[in-house]
Amino acid sequence: MMLEDRITETIKEKLAELDRPDLFREPHVGFSAADDEMFAKLKELIGPWHFLPSDILPDAKSVISFYVPFTRDVAAEPRGTEHGSAKWGEAYEEINKHFGIISDAVIELLKSQGFKGEKIPATHTYDPKELKCKWSHRSAAVIAGLGSFGANRLVITEKGSAVRFCTVITDASLKPSPSYDGPKCLYYVDGSCGKCFDICPAKALDKGNIDKFVCQKELNNNEAIAKETTHLKGADTCGKCISICPFAYID
């Protein structure tokens, strides 16, 4: 079995151990070259503070990107809630914790084959004051052929946009995945959709632009409410702009 296949199987097996079919579906995995020119372009698109793979692992050769799709129920709930969705918040918390376990298993596999690996936190890879992101899991996933960006900066994958992403950097030379050939954001395709702009409770979205400070304020407010009304402790989530997407959930 090729190393790419073994990595994919490891990710699937570790997610299955979580045993939460009420929240998650089977993960999908993609690979990209660490020297792909798109990583350098992220320093222009996002900012000069965004890391290159080599900033995380000096002799990086490949980037392993993977995502876990939410179930239909999780994907649907945010668009009908006033503040944060309890199901969405639970899925967010659970998979963020488990991403560390999955990444560790991938790194152990790589080590067993004589390679190194470095994991990246599943969330909050940004400066909390200036909101400058050091690593974009979504951008890495797009480079790895797992999806394409939508107007609200979501990523539409072949399983929808209601997903969570994670990344592992390695010095193993892995075969890059083919480019994405799936559903695209309808706003970008022909301007026929803009539901995410309309549903945003903070009005942070404007035709492909996002006011990240306004968005984060809404997330922080939802987190505070969740702490008071549910068992969730770190669900700074909203999910409405993803939940309302025509491609939020794809079988």
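Check the entry above for the structure.
Presented here is an overview of the structure given in this document. This structure is a prediction, so every number in the text was calculated from the model and none was measured. (Residues numbered from 1 in each chain as written. Predicted model: local features only at pLDDT ≥ 70, side-chain atom pairs only at ≥ 80, totals over all residues. Heavy atoms only, no water.)

Another aspect to go through is the sheet that holds strand S3 (residues 117–119). Here we have four strands laid out as an open sheet, ordered S1-S2-S6-S3, and antiparallel in their pairing. The sheet is open, and its two borders are formed by strand S1 (28–33) and S3, each paired with just one other strand. Averaged over all pairs of adjacent strands, the angle between their axes in this sheet comes to 25°, without regard to strand direction. Two elements, strand S2 (residues 62–69) and strand S6 (residues 163–170), share eight bridges in a ladder whose sense is antiparallel. Pairing of Phe66 across the sheet is with Cys166, part of S6. Most of the contacts of helix H5 (residues 86–112) go to S6, to which it runs at about 25°, and overall it touches S2, S3 and S6. (Pairing = 2+ DSSP bridges. Helix = DSSP H or I, 4+ residues; strand = E, 2+ residues; numbered from the N terminus. Axes fitted to C-alpha atoms, helices over the stretch in contact; angles between N-to-C directions. Contact = heavy atoms within 4.5 Å.)

Right, let's talk about H5 for a bit. An ideal rise of 1.5 Å per residue puts 39 Å on 27 residues; H5 measures up with 39 Å between its terminal C-alpha atoms. The sharpest bend along H5 comes to roughly 25°, located at His98. With a side-chain oxygen lying 3.4 Å from the backbone nitrogen of Lys87, the N-terminal cap of H5 falls on Ser85. A positive backbone phi angle near 90° is found at Gly114, which sits one or two residues after H5. (Expected span 1.5 Å × (residues − 1). Bend = angle between axes of the 7 residues up to and from the residue. Polar contact = N/O pair within 3.5 Å; in protein donor to acceptor, adjacent residues only side chain to side chain.)

Attention now moves to the pairing of S2. In terms of burial, S2 is a largely internal element, eight of the eight residues being buried. Residue alternation in S2 divides its side chains into two sets, Ser62, Ile64, Phe66 and Val68 and Val63, Ser65, Tyr67 and Pro69, and both sets are buried. Taken together, the six bridges between S1 and S2 define a ladder with antiparallel strand orientation. When the sheet's bridge partners are listed, Ala33 is paired in S2 with Ser62. (Buried < 20%, exposed > 50% of the residue type's maximum accessible area, 1.4 Å probe, protein only.)

For the rest of this paragraph, the subject is the side chain of Glu218. Summarising the element assignment, Glu218 is placed in helix H9 (residues 212–229). Within the buried set, Glu218 has no salt-bridge partner at all; the shortest N-O distance to an opposite charge, 5.6 Å, is to Lys240. Excluding residues within four positions of it along the chain, Glu218 makes contact with Pro201 and Ala202. (Lys, Arg positive; Asp, Glu negative; His and termini not counted. Salt bridge = Lys/Arg side-chain N within 4 Å of Asp/Glu carboxyl O.)

A word on H9. For H9, spanning 18 residues, the distance from its first C-alpha to its last is 26 Å, which sits close to the expected 26 Å at 1.5 Å a residue. For H9, every residue scored as buried is listed here: Gln216, Glu218, Leu219, Asn222, Glu223 and Ala226. The arc enclosing the buried residues of H9, seen along the axis, measures out at 155°, which places them on a common side. Exposed residues lying more than 90 degrees from the buried face of H9 are Lys217 and Glu228. Taking the backbone nitrogen of Phe213 as reference, a side-chain oxygen 3.2 Å away marks Asp211 as the first, capping residue of H9. (Arc of directions from axis to C-beta.)

Applying the stated criterion across every chain, the model contains 11 salt bridges. Here Arg20 and Asp22 are joined by a salt bridge, their closest N and O atoms 2.8 Å apart. Look at Asp22 and you get partly exposed, because its relative accessible area is 41%. Through salt bridges with shared partners, a single network forms among Arg20, Asp22 and Glu90.

Attention shifts here to the packing of aromatic side chains. Tallied over the entire structure, the rule returns seven aromatic pairs. Consider the rings of Phe70 and Trp88, whose centres lie 5.0 Å apart with planes at 90°: the pair is edge-to-face. Placement of the pair is Phe70 in the loop between S2 and helix H4 (72–76) and Trp88 in helix H5, with a sequence separation of 18 residues. Across this residue pair, the class does not change: Phe70 and Trp88 are buried. Ring geometry for Tyr187 and Tyr188: centres 6.0 Å apart, planes at 55°, overall tilted. Residue classification places Tyr187 among the partly exposed residues on the basis of a relative accessible area of 25%. Of the aromatic side chains, those joined through ring pairs into one cluster are Phe24, Phe70 and Trp88. Geometry around Phe149 places Arg153 over its ring, the cationic atom sitting 4.3 Å from the centre. (Phe/Tyr/Trp six-rings, centres within 6.5 Å; stacked < 30°, edge-to-face > 60°. Lys NZ or Arg CZ within 6 Å of the ring centre and 35° of its normal.)

What follows covers the packing of helix H1 (residues 3–18) against H5. Close contact between H1 and H5 brings their axes to 9 Å; oriented N to C, the two are set at 145°. Handedness of the H1/H5 crossing: right-handed. Facing Leu3, Arg6, Ile7, Thr10, Ile11, Lys14, Leu15 and Leu18 of H1, the residues of H5 in contact are Glu94, Ile95, His98, Ile101, Ile102, Ala105, Val106, Leu109 and Leu110. (Left-handed = near helix turned anticlockwise from the far one by under 90°.)

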